[in-house]
Amino acid sequence: MQVKAVKFGGTSLADAGQFRKVYDIVKSDPTRRFVVASAPGKRFGEDTKVTDMLYACYDMAAAGLDFSAFFAGICARFEAIVDGLGLDIDLSPDYEEIISALMHGAGRDYAASRGEYLAAKILAAYLGFDFIDAADVVFFRDDGSFDDVQTYPNFASVLRGHDYAVIPGFYGVMPNGTIKTFSRGGSDITGAIVARAADADIYENWTDVSGFLMADPRLIPSPLPIKTVTYRELRELSYMGAGVLHEDSVFPVRSAGIPINIRNTNEPDNPGTMIVSGTDCVDNEHIITGIAGRKNFSVIRIEKDRMAYHRGFLRRIFEVLDLNGINVDHIPSGIDTISVIVHSDELTGKYDILRESLVSSIKPDYLEIKDGLALIAVVGRGMVGKPGVASRIFDAVAAAHVNVRMMDQGLGELNVIVGVDEADFETALRAIYDAFVKQDSNAL
Ligand code: ASP
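What counts as what
Position numbers for residues count from 1 along each chain, tracking the sequence in the order it is written. Per-residue local features of the predicted model are confined to residues with pLDDT of at least 70, and side-chain atom pairs are confined, for both listing and counting, to 80 or more; whole-chain, interface and lining totals are unaffected and use all residues. Only heavy atoms go into the side-chain values, all of them from the structure, while hydrogens and water stay out. Nearness here has a simple test: a residue counts as near a molecule or strand if at least one of its heavy atoms is within 4 Å of that partner. Pairing of N or O atoms within 3.5 Å defines a polar contact, subject to two protein rules: one partner must be a possible hydrogen donor and the other a possible acceptor, and residues neighboring in sequence count only if both atoms are side-chain atoms. Each accessible area is a Shrake-Rupley estimate made with a 1.4 Å probe; only the visible protein chains count as cover when residues are assessed. Polar here means any residue outside two lists: the nonpolar Ala, Val, Leu, Ile, Met, Phe, Trp, Tyr, Cys and Pro, and the charged Asp, Glu, Lys and Arg; Gly therefore counts as polar. By salt bridge we mean one thing: a side-chain nitrogen of Lys or Arg within 4 Å of a carboxyl oxygen of Asp or Glu. A run of DSSP states H or I qualifies as a helix once it reaches four residues; a run of E qualifies as a strand once it reaches two. Both are numbered from the N-terminal end. Type-normalised accessible area, obtained with a 1.4 Å probe on protein chains alone, sets the label of each residue: buried when under 20%, exposed when over 50%, and partly exposed for intermediate values. Any two residues whose heavy atoms approach within 4.5 Å are treated as being in contact. Two aromatic rings from Phe, Tyr or Trp, using only the six-membered ring of Trp, form a pair when their centres are within 6.5 Å; if the ring planes differ by under 30 degrees the pair is stacked, by over 60 it is edge-to-face, and anything between is tilted. Two limits define a charge over a ring: the Lys NZ or Arg CZ must be within 6 Å of the ring centre, and within 35 degrees of the ring normal. Pairing between strands requires that DSSP locate at least two bridges from one strand to the other. Here the expected span of a helix is defined as 1.5 Å times the quantity of residues minus one. By arc we mean the arc of the directions from the helix axis to the C-beta atoms, nothing more. Here a cavity denotes a set of grid points, spaced 1 Å apart and computed over the protein atoms alone, in which a 1.4 Å probe fits but from which it cannot get out, and a pocket denotes an open set meeting protein on both sides within 12 Å along at least five of seven lines; residues with an atom within 4 Å of a point are reported as lining. Grid points are joined across faces, edges and corners, and a volume is the space filled by probe spheres set on the points.

Q: I tried to follow the site of the ligand on my own but got confused; where do I start?
A: Around the ligand lies a shell formed by Ser-38, Lys-49, Thr-51, Glu-116, Phe-170, Arg-184, Gly-185, Gly-186 and Ser-187. Here an oxygen atom of the ligand and a side-chain polar atom of Arg-184 are 2.7 Å apart. Contact between the ligand and Gly-186: an oxygen atom at 3.4 Å from a main-chain N or O atom of the residue. Summarising the interface, the protein chains cover 93% of the accessible area of the ligand, which totals 260 Å² for the free molecule. Considering only residue class, the shell around the ligand consists of 1 nonpolar, 5 polar and 3 charged.

Q: Could you clarify how one ought to interpret the pattern of salt bridges in this entry?
A: Where charged atoms of side chains with opposite charge meet at close range, the side chains can pair. Taken as a whole, this structure holds 19 salt bridges when the rule is applied. Arg-355 is the partner of Asp-352 in a salt bridge, and the nearest nitrogen-oxygen pair spans 3.6 Å. Taken together, the residues span about one helical turn, with Asp-352 and Arg-355 both in helix H11 (residues 351-362) at a distance of 3 residues. Salt bridges linked by common partners bring Lys-4, Asp-29, Arg-32, Glu-204 and Arg-263 together as one network.

Q: Please clarify how unusual backbone geometry should be interpreted in this entry.
A: For residues besides glycine, phi is generally negative; the peptide bonds are generally trans as well. Here Asp-199, not a glycine, exhibits a phi torsion of approximately 50°, which is positive. In this fold, Asp-199 is placed in the loop between helix H7 (187-197) and strand S7 (202-207). When its relative accessible area of 61% is taken as the criterion, Asp-199 is described as exposed. Even without being glycine, Ser-222 reaches a positive phi, approximately 40°. Looking at Ser-222, the relative accessible area reads 66%, which means it is exposed.

Q: Teacher, can you tell me more about the environment of Val-437 here?
A: Following the sequence through the fold, Val-437 ends up in helix H13 (residues 425-443). Leaving out residues up to four positions away in the same chain, Val-437 has contacts with Met-214, Leu-224, His-286 and Ile-288.

Q: Would you take a moment to explain the environment of Leu-224 for this structure?
A: Mapped onto the secondary structure, Leu-224 falls in the loop between S7 and strand S8 (228-230). Overall, Leu-224 belongs to the partly exposed group, its relative accessible area being 31%. Placed 214 residues apart in sequence, Leu-224 and Lys-438 show a C-alpha to C-alpha distance of 9.8 Å.

Q: Mind showing me how you'd approach the packing of aromatic side chains here?
A: How two aromatic rings sit relative to each other is given by the distance of their centres and the angle of their planes. Under the definition given, this model contains 8 aromatic pairs. Residues Phe-146 and Phe-182 carry aromatic rings whose centres are separated by 6.2 Å and whose planes lie at 55° to one another, so their mutual orientation is tilted. A residue pair is termed long-range when its members are at least 10 positions apart, and Phe-146 in the loop between strand S3 (130-131) and helix H6 (148-160) and Phe-182 in the loop between strand S6 (179-181) and H7 qualify at 36 residues. In this structure Phe-182 comes out as buried when scored by relative accessible area, which is 11%. Each member of the aromatic cluster is reached from another via a ring pair, and the members are Phe-140, Phe-146, Tyr-152 and Phe-182. If you follow Arg-114 out to its NZ or CZ, it ends over the ring of Tyr-117, 4.3 Å from the centre. One Lys or Arg, Lys-180, reaches over the ring of Phe-140 and ends 5.5 Å from the middle of that ring.

Q: What exactly am I supposed to notice about the sheet that holds strand S1 (residues 4-8) here?
A: Think of a sheet as strands paired side by side through backbone hydrogen bonds, with each pair either parallel or antiparallel. The 8 strands are arranged S3-S4-S2-S1-S7-S9-S10-S8 in an open sheet whose pairing can be described as mixed. Of all strands in the sheet, those with a lone pairing partner are S3 and S8, marking the two edges. Relative to strand S2 (residues 32-37), S1 runs parallel, the two being bridged by 5 bridges. Residue pairing for S2: Phe-8 is matched across the bridge by Ala-37.

Q: Looking at this structure, I do not really get H11. What am I missing?
A: In an α-helix, one turn spans 3.6 residues; hence positions three or four apart end up facing the same way. An ideal rise of 1.5 Å per residue puts 16 Å on 12 residues; H11 measures up with 16 Å between its terminal C-alpha atoms. Residues of H11 that are buried include every one of Leu-354, Ser-357, Leu-358 and Ile-362, and no others. Looking down the long axis of H11, one finds its buried residues gathered within 100° of arc, a one-sided arrangement. Seen from the open side of H11, the exposed residues pointing more than 90 degrees away from its buried face are Asp-352, Glu-356 and Ser-360. Residues of H11 that are buried sit in contact with strand S11 (290-303), helix H10 (313-323) and strand S13 (366-379). Once H11 finishes, Lys-363 follows within two positions and takes phi at roughly 45°, a positive value.

Q: Help me out: how do you make sense of empty space enclosed by the protein in this one?
A: Rolled over the atoms, a probe sized like a water molecule indicates the empty space that remains. Under the counting rule described, the total for this entry stands at 2 cavities of 30 Å³ or more. Taken as a whole, the second largest cavity holds about 30 Å³ of empty space. Around the second largest cavity, the lining residues are Asp-94, Glu-97, Ile-98, Tyr-110, Arg-114 and Tyr-117. Only helix H4 (92-103) and helix H5 (108-127) provide two or more residues apiece to the lining of the second largest cavity.

Next comes the structure, spelled out in structure tokens:
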């Protein structure tokens, strides 16, 4: 039988009504055997996530303040879910234990993890599934990194003992027995770990959007959905700020060849977006898969006559950047020029020292550091080996009267990065989207 690992995010478990939707989704497919729960998230715009309430509670406890009234608010959220679902479970021993732990110096991660712990307990009771505590199966090393070597074999053998189970997301255990969480949004990572440990056929990540869109809807009105995206394309897009999924959640499943399906709990019939490893057997409706972009980049432009003959020239540039703690994003180059593109925040307070160190180290003929660049990443496996893509991008941007300040195509041909003035960002992005998506759609 197929095995699906399914993870539900905070908005999918925000209240009893959402729990009912989750129930229907899980029960409609008997292969949805291992379920990962987040802590209840926001029910409405101004609401507070349970995880944030728990952090606040921890801060009060750590400051020696009376947090009982505040903690009662957290219990009330869980009790409303238990009552709303008509469940006959008593969580008061758990509440007592958490209060006592907080009073006796339990850590911040422990406090935060209790949202997932309680949500998973409720969900397990509601679904009639077993409950597996993440503290028994997800291990961290002393340095705080996830211990894959210890986790996978142990977790796999525990899962073999359960037909159906719910596992809380977000946390695991340190070698000394204390609870440690992943970074925020980390239930996505637990979902991927469960999928890998269960050798699942698919990792379904249920959230409140129906997968990825080809562009940011704040910039492009009603962008088309992405049906299939490869892990590599997703990296290119998420790096530019198109995030729905925790970045680290890709690694456990990617290497095991398990696809991720992003689904919407509020729209369960929508197939969402499938994230896959290979580029074969996937529909390829458009030449491009998506467009993402960000403002606030700076260009360090360096010119030096006969650059290629100055051995160690590039190394010295990067040494200077490294010594000043500056991360590099892109390095488009010409015969006697090289531009180093960095996020402008990297340069805060460092402009003068950077200029001076570069001048003394590489003695450039010309050096300029200029802010105000926006980068647009045009990403698509459909571009590989296809002539004319770059010219289509250029034409589209030129027709919108936007000047291209730089263009960089990786050798993999999977993405083209276009740099424009920040003021032209939205116009250029729309022009490129329209050139590919509208024209492609008309042609279909
Ligand atoms: N509850 C945690 C957070 O709010 C983890 C998660 O939801 O994935 O970040």
